[in-house]
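Architecture and fold: a report
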Amino acid sequence: MPKNINWGPLASRYETEQPRKILSLDGGGIRGVVTLEILLNLENQLKAELKKDNSFRLSDYFDYIGGTSTGAIIAAGLAMGMSVQQLLDFYEQKGEAMFDKAFLLKRVKYFYNDGPLLKELQDTFGKGDIDLKSGAFKTLLLVVTMNRSTDSPWPISNNPNAKYNQPDRADCNLRMPLYQLVRASTAAPAYFRPETLQWDPKNPEKTFVFVDGGVTPYNNPAFLLYRMATQRPYNLNWKTGERELLIVSVGTGSAPSPGVYGHLGETLQELPSNLMYAMQIDQDINCRTVGRCIYGAPIDRELGDLVPMDEEGNILGLDSDANRHFSYVRYNADLSQQALDELGLRNIDSDEVRKLDSVEQIDDLRKIGKVVGNIQVNVRTHLKYFI
């Protein structure tokens, strides 16, 4: 990778060629608490395997962290060096203000005047921009947004080599305040007003309206992160290969809506979750076919888990090479009632925890995340070639 003074304090880390590690975080409203509990297990296991002290953060391990909607909040915090526990505390304290629809509707006038929520984001992420030269970031960050003005997904990163991140551009992405980008990625329709951002203060045509990144095809941004890390137009050009690139993807819970729609109102209520679920699965399949799936729950009864096998149908050992572009691990919870019952969580109501705004279910969501993290996360096996 060519040297670039715009890497700022991270120059030595990113100008040295080495195997790279990516962390991808799904959208899913308050269900981001499930993600955080899984990440807490991952952080603790990595700390132990790498023999680090309590100052260890996931940003010390992962070279690129990206997320959509609630995943963008978590990704931003991690990329700035926050611990998972700090983010869990943030969700416990501010979850109602961020995701509870009844709470928001009672206070709609405040949100339409950039009130308490925007202040919380400012207090958490500061008013600074996303330029790595600021020293605020410990690793690369991607925030997935949806530009309603152009009707297109806008993935915004702080990769200093990217075309639209060049400092001589009047509309340079790196000048955008982080808290506003996070706000744009989480501006769920019917919950928050859209976020308006002006890229070039001198050009009104460069003013755009944004809504929740979860309504793009990248509610699960794992495959998008792969493209942005390796494809030439993005100018990172990280090497591909099973020992060169690792992607760890963490979901907010698989939440298909069982049964059939009874009426139009029910259809409209369930449609966002249905679309998010379908897009999540599609991106997961992309990663498992282009990358080598090391761990992940079965997609369905036809595809299985897509872990590579030999001609006799035996799972290939990790010491072999399946000739894929990256190694891939997918951690996620199954929120169906049957799955919760099998986990010993029979007292948890699937219908309630599947909701994107079920703030009153935070304790149950945390229980699910803890159990799933304990069962699924195995750093010593899954990440053995990246430790």
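Cut-offs and rules
- For every chain, the first residue of its written sequence is number 1, and the numbers climb from 1 along that sequence.
- Selection of residues for local features in this predicted model requires a pLDDT of at least 70, selection of side-chain atom pairs for listing and counting requires 80 or more, and totals for whole chains, interfaces and linings are taken over all residues.
- Side-chain numbers come from the whole structure's heavy atoms, not from hydrogens or water.
- Each helix is a run of H or I in the DSSP string that is no shorter than four residues. Each strand is a run of E no shorter than two, and both are numbered from the N terminus.
- Only protein chains enter the accessibility calculation, which uses a 1.4 Å probe; a residue whose area is less than 20% of its type maximum is buried, one above 50% is exposed, and one in between is partly exposed.
- A contact between two residues is defined here by any heavy atoms of the two lying within 4.5 Å.
- Per-residue and other accessible areas were derived by the Shrake-Rupley procedure at a 1.4 Å probe size, with only the shown protein chains allowed to occlude residues.
- Whenever a helix is involved, its axis is fitted only over the stretch in contact; in every case the axis is a line through C-alpha atoms, and angles between N-to-C directions fall within 0 to 180 degrees.
- Under this scheme an angle from 65 to 115 degrees is roughly perpendicular, one under 35 degrees roughly parallel, and one over 145 degrees roughly antiparallel; angles in between are oblique.
- By convention, the crossing between two helices is left-handed when the near helix turns anticlockwise from the far helix through less than a right angle, and right-handed when the turn is clockwise.
- When residue character is reported, Ala, Val, Leu, Ile, Met, Phe, Trp, Tyr, Cys and Pro are called nonpolar, Asp, Glu, Lys and Arg charged, and the others, Gly included, polar.
- The salt bridge criterion pairs a side-chain nitrogen of Lys or Arg with a carboxyl oxygen of Asp or Glu, the two atoms within 4 Å.
- This count recognises Lys and Arg as positive and Asp and Glu as negative, with His and chain-terminal groups excluded.
- Any pair of N or O atoms that falls within 3.5 Å is considered a polar contact. Within protein, one atom must be able to donate a hydrogen and the other to accept it, and sequence-neighbouring residues count only if both atoms are side-chain atoms.
- Side-chain atoms within 4.5 Å link the members of a nonpolar core, which is a set of buried Ala, Val, Leu, Ile, Met, Phe, Trp, Tyr and Cys residues.
- pLDDT runs from 0 to 100 and stands for how confident the predictor is about each residue.
- Two rings from Phe, Tyr or Trp (for Trp, the six-membered ring) form a pair when their centres are within 6.5 Å of each other. A pair whose planes differ by under 30 degrees is stacked, one over 60 is edge-to-face, and the rest are tilted.
- A ring has a charge above it when a Lys NZ or an Arg CZ is no more than 6 Å from the ring centre and no more than 35 degrees off the ring normal.
- Sulfur atoms of two cysteines make up a disulfide when they are within 2.5 Å.
- Strands pair, by our definition, only if DSSP identifies at least two bridges between them.

1. Describing the overall build of the chain
If you tally the helices and strands in the chain, you get 15 helices and nine strands. Residues classed as buried in the chain amount to 53% of the 387 residues present. Across the chain, the fraction of contacts at a sequence separation of at least 24, relative to all contacts at a separation of at least 6, is 71%. About 17,100 Å² of surface is accessible on the chain, with carbon and sulfur atoms providing 50% of the total.

2. A short note on the packing of helix α4 (residues 70-79) against helix α9 (residues 178-185)
Interaxial distance between α4 and α9 falls to 8 Å at its minimum, and their mutual angle equals 155 degrees. Viewed along their axes, α4 and α9 adopt a mutual orientation that is roughly antiparallel. Considering how the two elements wind past one another, α4 and α9 form a crossing that is right-handed. On α9, the residues touching A72, I73 and A76 of α4 are L178, V182 and S185. Among the residues forming the contact of α4 with α9, the class breakdown is five nonpolar, one polar and no charged.

3. Overview of the pattern of salt bridges
Under the definition given, this model contains 16 salt bridges. Residues R366 and E37 are paired through a salt bridge, measuring 2.6 Å at the closest nitrogen-oxygen approach. Taken together, the residues span a long stretch of sequence, with R366 in helix α14 (residues 362-376) and E37 in helix α2 (residues 32-49) at a distance of 329 residues. Judged by its relative accessible area of 3%, E37 is buried. Here D151 ties to R148 by a salt bridge, and the two come within 2.9 Å at their closest N and O atoms.

4. Considerations on the side chain of D200
Take D200: it is sitting in the loop between β5 (195-198) and β6 (207-211). Despite being buried, D200 has no salt bridge partner; K206 is the closest side chain of opposite charge, sitting 5.6 Å away. If sequence neighbours within four positions are ignored, D200 has contacts with A170, D171 and K206.

5. Observations concerning the environment of D129
Looking at the element boundaries, D129 is found in the loop between α8 (116-125) and β3 (140-147). Overall, the relative accessible area of 29% leaves D129 in the partly exposed class. When the C-alpha positions of D129 and L178 are compared, they lie 5.4 Å apart, and in sequence the two are 49 residues distant. Apart from the residues within four sequence positions on either side, D129 is in contact with F137, L174, R175, M176, P177 and L178. Engagement of the side chain of D129 in a polar contact is seen with the backbone nitrogen of D131, the distance being 3.2 Å.

6. Section: the nonpolar core
Where a protein is soluble and globular, its nonpolar side chains tend to be buried together. Counting 99 residues, the largest nonpolar core has L23, L39, L42, Y64, L78 and V248 as its most contacted members. Ranked by residue count, the leading element in this core is α2, at eight residues.

7. Here's the deal with helix α10 (residues 222-230)
Counted residue by residue, α10 has eight buried out of nine residues, so it is predominantly covered. Residues of α10 that are buried include every one of A222, F223, L224, L225, Y226, M228, A229 and T230, and no others.

8. Structural notes on the confidence of the model for the chain
Looking at the chain, pLDDT values average 88 and 88% of them are 70 or higher. Contacts of residues 107-114 to residues separated by more than four positions or lying in other chains number ten contacts, the stretch itself having pLDDT below 50.

9. As for the side chain of Q283
For Q283, the position within the fold is in helix α11 (residues 264-290). Those residues in contact with Q283 that sit more than four places away from it in its chain are P217, Y218, N220 and F223.

10. What about the packing of aromatic side chains?
Throughout the structure, instances matching the rule amount to 13 aromatic pairs. Judged by centre distance (5.7 Å) and plane angle (70 degrees), the ring pair of W154 and F210 falls under edge-to-face. Of this pair, W154 sits in strand β4 (residues 152-157) while F210 sits in strand β6, and the two are 56 residues apart along the sequence. Three or more aromatic residues link up through ring pairs in this structure, and these residues are W154, W199, F208 and F210. For K21, the ring lying beneath its charged end belongs to Y61, and the centroid distance is 4.9 Å.

11. Structural notes on the state of the cysteines
A full pass over the atoms with the stated rule returns zero disulfides. The thiol of C293 is unpaired, and the distance to the nearest cysteine sulfur, on C287, comes to 9.5 Å.

12. Observations concerning the pairing of β6
Across two bridges, the pairing between β3 and β6 is antiparallel. By the bridge assignment, M146 is partnered in β6 with V211. Pairing of β5 with β6 involves four bridges; the strand directions are antiparallel. In the sheet register, Q198 faces β6, and the bridge partner there is T207.

13. A look at the packing of α2 against α4
At a minimum axis separation of 9 Å, α2 and α4 run at an interaxial angle of 35 degrees. For α2 against α4, the interelement crossing comes out right-handed. The segment α2 lies against α4, with G32, T35, L36 and L39 engaging T70, I74 and L78. For the contact of α2 with α4, a count of residues per class yields four nonpolar, three polar and no charged.

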